[in-house]
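Descriptive structure summary
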Amino acid sequence: MKLAPLICAVLLSASLSVAAQGNLEVDSPAIGALKQSMHQRHSQLAPLYQSGAVGLAGDGTVALHSAGSVPLAQRGQVNALIAAENADRRALYREIARANGHPEWESDVRNTFAQRWVQRAQSGWWVQQGGGWVQK
Amino acid sequence: MSPSLRKLFLGALVLTTSACVTINIYFPAAAAEKAADRIIDEVWQLREGAAAPAQPSAEDKKP
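Residues numbered from 1 in each chain as written. Chains lettered and ligands numbered in written order. Predicted model: local features only at pLDDT ≥ 70, side-chain atom pairs only at ≥ 80, totals over all residues. Heavy atoms only, no water.

Helix and strand counts for chain A stand at four helices and four strands. Every one of the 136 residues in chain A was classed for burial, and the buried ones make up 41%. Restricting to contacts in chain A with at least 6 residues of sequence separation, those with at least 24 account for 54%. About 6800 Å² of surface is accessible on chain A, with carbon and sulfur atoms providing 56% of the total. (Helix = DSSP H or I, 4+ residues; strand = E, 2+ residues; numbered from the N terminus. Buried < 20%, exposed > 50% of the residue type's maximum accessible area, 1.4 Å probe, protein only. Contact = heavy atoms within 4.5 Å. Areas by Shrake-Rupley, 256 points an atom, 1.4 Å probe, with all protein chains shown as cover.)

Below you can see the structure in the form of structure tokens.
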């Protein structure tokens, strides 16, 4: 029975390494494509964040914050940008949950992202916190 | 196998199983935050300062 302590040690170390892993897989091709698409759109969205026209909503999406700062002629275009960005963001949250074999994590992923987008917004940008808009 | 060794063996087995179950059921919040930050970095490219040039130019206009 000299083997028993060895087996115990192996099991213990296995349990520790498994517990330490807890990683999130975010490198699927679908996630890569969404990141690329969002990165390209960001060059158009950044000036709108800066002007306050568009803000970061508390639910992990972007939203029209002050329509008044957008010329009437460009409002349709801004709304289309917001819709496209939100479609990508929703797909991103869904894909991350799915890539990890847990589609039910989608809302957890969205909540995590919502907090991080808001926390990392640049100064001058508008973000939704506790239901109200705040300028960072 | 002595009784104490058997207990240790069982304990290790339970810990291993529970560790697996823990990972599979609970959302890894800390890992998710790190993953979110990495993706936000890539999307916003904060290090390259994609939106940063707007700020110095606004400062320059001030008298």
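A:L56, A:L92, A:I96, A:F113 and A:W117 are the most contacted members of the largest nonpolar core, which has 38 residues in total. For this core, the secondary-structure elements that each account for two or more residues are α2 (29-51), β1 (54-56), α3 (75-99) and α4 (106-120) of chain A together with α2 (29-44) of chain B. (Core = buried A, V, L, I, M, F, W, Y, C linked by side-chain atoms within 4.5 Å.)

Here we take up the pairing of strand β3 (residues 126-129) of chain A. Residue and element names in this part refer to chain A. Summarising the sheet, β3 and strand β4 (residues 132-135) pair through four bridges and their orientation is antiparallel. Residue pairing for β4: Q128 is matched across the bridge by W133. What sits between β3 and β4 in their antiparallel hairpin is a turn of two residues, with G130 showing a positive phi close to 60 degrees. (Pairing = 2+ DSSP bridges.)

Residue and element names in this part refer to chain A. You can see V78 is positioned in helix α3. By relative accessible area, which is 5% here, V78 ends up buried. Between the alpha carbons of V78 and L64 there is a distance of 8.3 Å; along the sequence they are 14 residues apart. For V78, the contacting residues outside a window of four places in its chain are L48, V54, L64 and V70.

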